[in-house]
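Chain residues, written in single-letter form:
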Amino acid sequence: MLDGSGPLDTASIGEQVTERLRSEIISGRLAPGSRLMLDQYKALWNISITPLRDAAKRLEADGLVHIYPRRGIFVAEIDRNALMEVFQLRIALEPLVTELATPHAPEAEVEAMTEAYIAAGRPAPEEERQARLQEVDEVIHDFVLAHCPNQRLARIMATLRDSVAWCRNAVIEKVPNAFDPSLEEHITICKALRAKDAEAAAAAMRDHLIATRDRTLKAMEGRA
C-alpha cells in the first residue's frame, strides 16, 4: 500500500523523494523483492519522473534496491549475506560505542532505562508483553549512541541505522517471541553501564549482538 501522506515541498524535492521511498522500504510497506513502481509515485505525489529515478539510484547505492535494465527496480531481499554484513559492522563498532559512552552515561537515565526494561518484561497477556518488549528493544542502542563522545564514530553508526531497522522489520515475523531473549541481554548491558564498567558494557553489547545475529539466522534458515 502506498503512503501518500502530505504534499511535497518543491524546495528539496530530490531529498524528500529519496527519504519517503527509503521510509517505504525500511518500514516494510514495500516488501523485500517487490517491484518499485515509480509511475505510481509520480502520479501519487504529482511530480516528474526525474527525482524518482535519481532517488532510486541513491537507494541502490545504499543497497536498498536493485535496478535491472529493461526489467525494473526491485526492493532488495533480506538474505543471509545482507544480515551478516549488517551484523558484522554492528559487532565491530557498537561495542566500541558502548565502551566510550559508559563514562558519560548519566546515572539517572541508566536507572530509568533499566526500570523500563524490567517493567516491559513483567507478566502480561502475551501480545501486550511482546508489544512492550518491542517498544523498548532499541532504547539501549539509541542511548549509547547518544552518549558516545566520538562524533565521527557516532556518525558512522548513524548511517547504519536505516539498514538495522530494515533488517529488523523484515525478519521480525520469522523469529518467534523475538524480544524475549534480548531482554536479559539488555538488562546485563544496563548493569554494566550503571557500574561504570566500560569493558563489561562493551563485552555485554558484543555478546548481545552475536546472540541476536545467531537467533535471526537460525530463524531465517528454518531452524528456530
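One structure accompanies this document, and this report is about it.

Rules used throughout
- For every chain, the first residue of its written sequence is number 1, and the numbers climb from 1 along that sequence.
- Per-residue local features of the predicted model are confined to residues with pLDDT of at least 70, and side-chain atom pairs are confined, for both listing and counting, to 80 or more; whole-chain, interface and lining totals are unaffected and use all residues.
- Side-chain numbers come from the whole structure's heavy atoms, not from hydrogens or water.
- Residues are called lining when one of their atoms sits within 4 Å of a cavity or pocket point, these points coming from a 1 Å grid over the protein atoms alone, where a cavity is a set in which a 1.4 Å probe fits but cannot get out and a pocket is an open set with protein on both sides within 12 Å along at least five of seven lines.
- Grid points are joined across faces, edges and corners, and a volume is the space filled by probe spheres set on the points.
- Under the scheme used here, helices are H or I runs from DSSP no shorter than 4 residues and strands are E runs no shorter than 2 residues, and both carry numbers assigned from the N terminus.
- Expected span of a helix: the number of residues minus one, times 1.5 Å.
- Three exposure classes are used, based on accessible area relative to the maximum for each residue type with a 1.4 Å probe and protein chains only: buried under 20%, partly exposed in between, and exposed over 50%.
- A contact between two residues is defined here by any heavy atoms of the two lying within 4.5 Å.
- All axes here are fitted lines through C-alpha atoms, helices being fitted over the stretch that makes contact, and every angle between N-to-C directions spans 0 to 180 degrees.
- In what follows, roughly perpendicular refers to angles from 65 to 115 degrees, roughly parallel to angles under 35, roughly antiparallel to angles over 145, and oblique to any angle outside these ranges.
- By definition, turning the near helix anticlockwise from the far helix through less than a right angle yields a left-handed crossing, and turning it clockwise yields a right-handed one.
- Gly is placed with the polar residues, together with every amino acid not listed as nonpolar (Ala, Val, Leu, Ile, Met, Phe, Trp, Tyr, Cys and Pro) or charged (Asp, Glu, Lys and Arg).
- When the centres of two rings from Phe, Tyr and Trp lie within 6.5 Å, Trp using its six-membered ring, the rings pair. Their planes under 30 degrees apart give stacked, over 60 give edge-to-face, and anything left gives tilted.
- Criterion for a charge above a ring: Lys NZ or Arg CZ within 6 Å of the ring centre, and within 35 degrees of the ring normal.
- Between any two strands, at least two bridges found by DSSP are needed for them to pair.

According to the stated counting rule, one finds two cavities of 30 Å³ or more in the structure shown. Roughly 70 Å³ of internal volume is contained in the second largest cavity. Surrounding the second largest cavity, R90, E94, V97, E138, H141, L145, M157, R161 and V164 form its lining. Mapped by element, the contributors of at least two residues to the lining of the second largest cavity are helix 4 (80-101), helix 7 (139-146) and helix 8 (151-171).

A few words now on helix 9 (residues 180-194). Relative to the 21 Å expected for 15 residues at 1.5 Å per residue, helix 9 spans 22 Å between its end C-alpha atoms, a close match to the ideal helical length. Within the span of helix 9, buried status applies to S182, L183, E185, H186, I187, I189, C190, A192 and L193. Lining the buried residues of helix 9 we find helix 4, helix 5 (107-120), helix 6 (126-136), helix 7 and helix 10 (198-220).

Moving on to the packing of helix 5 against helix 7. The contact between helix 5 and helix 7 brings their axes to 11 Å, and the two run at 170°. The angle between helix 5 and helix 7 places the two elements in the roughly antiparallel class. For helix 5 against helix 7, the interelement crossing comes out left-handed. On helix 7, the residues touching E109, V110, M113 and Y117 of helix 5 are V139, I140 and F143. Broken down by class, the residue content of the contact of helix 5 with helix 7 amounts to six nonpolar, no polar and one charged.

It is worth spelling out the packing of aromatic side chains at this point. For the structure shown, the criterion picks out two aromatic pairs. Aromatic pair Y41 and W45: ring centres 4.9 Å apart, planes at 45°, arrangement tilted. Highlighted residues: Y41 and W45, both in helix 2 (residues 38-45), separated by four residues, approximately one helical turn. As far as burial versus exposure is concerned, Y41 and W45 are alike and both buried. Between Y68 and F74 the ring centres are 6.0 Å apart and the planes differ by 55°, which places this aromatic pair in the tilted class. Residue class for F74 comes out buried when judged on its relative accessible area of 19%. Sitting over the ring of Y68, R71 keeps its end group 4.5 Å from the ring centre.

Looking now at the pairing of strand 2 (residues 72-75). Burial of the side chains of strand 2 extends over both faces: G72 and F74 are buried on one face and I73 and V75 on the other. As judged from the four bridges shared by strand 1 (residues 65-68) and strand 2, these two strands associate in the antiparallel manner. When the sheet's bridge partners are listed, I67 is paired in strand 2 with I73.

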